[in-house]
Amino acid sequence: MPPPRQASLGVDADTTVHPPVSARSGAPLLPKRLIGAPGSLAVLEAALAVAVAFGFVVVSRTITVNPTTRVGQVSGLAALQFRFILIAMVLALGWWAVSRKLSPAAGLRLACASVAGLASGLYAGGIVVALRGTPWPLFGFWGDAGELEKWSVLIQHGQPIPDVYPPLFPYLLSYWTRFFDPGQPGAAMKTLTVLLTALAGPVVYLAWRLLLPPVWALAIGVAPVFPLCTAYKPYADIVLLVLIPAFAYFTGRLLDSAGRSVNGALLVGAASGAVFAVLFLCYSGWFVWSAPGALACLAVTLARVSRHGSGATVRALLTMAATGAVFLALDGRYLLRLLTGAGTPDSYMYFDTRTDPAYFSMWLGDLPGGYTHADWPVPGELGGIGVFVILLLVGAGVSLGLGAELPVVQVAGCFMVGSFLLRYWFASHMERDQLVQLYPRTSPEILYCCLVMVVMAAHLGVRHLSERTRAQAAPGSVMRTGGAALAALTLFFALAGSATVDRFMPSNDRSLGFLAWVAHSSQLPDGSCPKFAPHQTCTPIPPAISGAAAQRP
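Model, not experiment: these values are computed from the prediction. (Residues numbered from 1 in each chain as written. Predicted model: local features only at pLDDT ≥ 70, side-chain atom pairs only at ≥ 80, totals over all residues. Heavy atoms only, no water.)

Trainee: Got a minute to help me understand the state of the cysteines in this structure?
Mentor: Disulfide: a covalent bond connecting the sulfur atoms of a pair of cysteines. All told, the structure shown has one disulfide when counted by the stated rule. Here Cys-450 is not cross-linked by a disulfide; its sulfur's nearest cysteine counterpart is in Cys-449, at 7.0 Å. (Disulfide = S-S within 2.5 Å.)

Below is the structure:
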């Protein structure tokens, strides 16, 4: 067996993509990232990310503009950027101080964690500005937001909600309404969606820290938050962003089965089952689109484990069995209801269902704004394919060439192919069956898998280069390189955050901004209109949300 390749990045002392390869099993050992590192620093890394994210949301509440006018929106966006830059400068000084007093590696870890929180804090803070003056969430009491608000009222009165919808968020919304916003499920929905949007950066960053060093975890985890995590229902998209690194970590643990005891195998399986169960209860849709890829990855992983003997295979199967057992124990009832209702037809056709099914890099849902199918998708430069998609394909090829044996590359590749197959299957039968079956929702997963492979291609390329030039590295180059990468990512987050928030600014043009426009046009519980309601006219609250329809025994 060839000696293991170390994944030096030149930006962190703890820099492996995956842990060193065991001489016995050829499998990754337990990574010294989040759980193997000193507990105090790991906890501080997580706490700092969350604190910065929530702190920026609080700071954003000091911005006083009228978000329903374009001038007010521009002023609000500028105020967000001003606060972002000031906080980033404070964090940079903190990073420099920690690096000097403790170590460059510790300083970089804490700096990356804080920037992860700052990035999604900017996103959530922008939603706070867009919804200033109204207690309603995006889309008020209409659409999915309205349904969730109705269900929260039903739950409070002991009545059932639809069996097939993941129950975790509706119950969380109901309890939050009961204890913090009595009688106002809309206000509770607004608070929770803002908080979850702010948490997206820290949660996804920490998930990728199980596999990658800080700077790369920041790039691969937080950058996709802006195009993929929608503040309308952030809990659903966070599941996707966490599922891929979680499953990649799980397959890596299976590869290490030869060096694990029976009790250890069962413990790993139980912990994995609990994590997947929570994600499934939060939003199960991604598990459907990921199922073919997951099965393919497990088959490949078991084949690799079997090369190291029957003992390794048995322990891997025990890990999988424990994962399944814990998952069923926690989610079995909901899974049964979901399978029972699997034949529920979805016939809702909207803008994206009439778009070329091979186009996945952007989507408009049912809020296309001023676009029509005459000018969407935007024509690409090479055979109708744009430069962005070409770069995605090049990155996917490079990652396969340099790291096809790595679990994260295998998971991203298999999940992408599986999602494409299901997408084309349902789309090809759409005319015959007059059913959509939610197939356009595969677009975010396909794009995410491509982005993962692109960043992995860059990571593996830098690792290969750093292995050749490590001996010539000048003193202080690690801190300088890490600082340069962190500065570039911070600037990207600032620009991407502003562009993303701008799309959510109130606008009556059937774009994403229409969600905030409706929130400002929805009647308050006391019968009045929100402060910035257009023309001071608003839509009355439906009885089902106010609770009148749920008062029956």
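Trainee: What should I look at first to understand the pattern of salt bridges in this one?
Mentor: Where charged atoms of side chains with opposite charge meet at close range, the side chains can pair. One pass over the structure, following the stated rule, counts eight salt bridges. For Glu-45, the salt bridge is made with Arg-109, and the minimal N-O distance between the two is 2.6 Å. Remark: Arg-109 occurs in helix H3 (residues 104-130) and Glu-45 occurs in helix H1 (residues 39-60); sequence separation between them is 64 residues. Of the residues examined, Glu-45 reaches a relative accessible area of 0% and is grouped as buried. Where Asp-256 meets Arg-260, a salt bridge forms, and the shortest distance between an N and an O atom there is 3.3 Å. On the accessibility criterion, Arg-260 (9% relative accessible area) is buried. Linked through salt bridges whose partners overlap, the residues forming this network are Glu-45, Arg-109 and Arg-209. (Salt bridge = Lys/Arg side-chain N within 4 Å of Asp/Glu carboxyl O. Helix = DSSP H or I, 4+ residues; strand = E, 2+ residues; numbered from the N terminus. Buried < 20%, exposed > 50% of the residue type's maximum accessible area, 1.4 Å probe, protein only.)

Trainee: Looking at this structure, how should I read the nonpolar core?
Mentor: One broad trend across soluble globular proteins is that nonpolar side chains are buried collectively. Counting 152 residues, the largest nonpolar core has Trp-208, Leu-218 and Phe-493 as its most contacted members. For this core, the leading source of residues is helix H9 (residues 234-255), giving 16 residues. With residues up to four places along the chain from it excluded, the contact list for Leu-218 reads Cys-112, Val-115, Ala-116, Tyr-205, Ala-223, Leu-486, Leu-489 and Phe-493. (Core = buried A, V, L, I, M, F, W, Y, C linked by side-chain atoms within 4.5 Å. Contact = heavy atoms within 4.5 Å.)

Trainee: Before we go on, may I ask you to explain a nonpolar patch on the surface in this structure?
Mentor: Taken together, the side chains of Phe-82, Ile-85, Leu-86 and Met-89 define a hydrophobic patch exposed on the protein surface, amounting to about 410 Å² of accessible area. The exposure class of Phe-82 is exposed, given its relative accessible area of 53%. (Patch = residues over 30% accessible without salt bridge, like charges linked within 9 Å, V, L, I, M, F, W, Y side chains within 5 Å. Areas by Shrake-Rupley, 256 points an atom, 1.4 Å probe, with all protein chains shown as cover.)

Trainee: Would you mind going over H1 with me for this structure?
Mentor: Since the α-helix advances by 3.6 residues per turn, residues separated by three or four positions end up pointing in the same direction. Here H1 is 22 residues long and its end C-alpha atoms lie 32 Å apart, about the 32 Å a rise of 1.5 Å per residue gives. Looking only at H1, the buried set comprises Leu-41, Ala-42, Glu-45, Ala-49, Val-52, Ala-53, Phe-56, Val-57 and Ser-60. Burial along H1 is one-sided: seen end-on, the buried residues are contained in an arc of 160°. For H1, the exposed residues set more than 90 degrees away from the buried face come down to Ser-40, Val-43 and Val-58. Lining the buried residues of H1 we find helix H2 (70-101), H3 and helix H6 (185-208). (Expected span 1.5 Å × (residues − 1). Arc of directions from axis to C-beta.)

Trainee: It is not clear to me how the packing of H9 against helix H14 (residues 407-428) should be interpreted in this structure. Could you clarify?
Mentor: Geometrically, a packed helix pair is captured by the angle between its two axes and the distance between the axes. Across the interface, H9 lies against H14 with an axial gap of 8 Å and an inter-helix angle of 125°. In this view, H9 runs oblique relative to H14, as classed from their interaxial angle. Viewed along their axes, H9 and H14 form a crossing whose handedness is right-handed. For the pair H9 and H14, contact is made by Ile-244, Phe-247, Ala-248, Thr-251, Gly-252 and Leu-255 and by Pro-407, Val-408, Val-411 and Phe-415, respectively. Across the contact of H9 with H14, the residue classes tally to eight nonpolar, two polar and no charged. (Axes fitted to C-alpha atoms, helices over the stretch in contact; angles between N-to-C directions. Parallel < 35°, antiparallel > 145°, perpendicular 65-115°, else oblique. Left-handed = near helix turned anticlockwise from the far one by under 90°. Nonpolar A, V, L, I, M, F, W, Y, C, P; charged D, E, K, R; others polar.)

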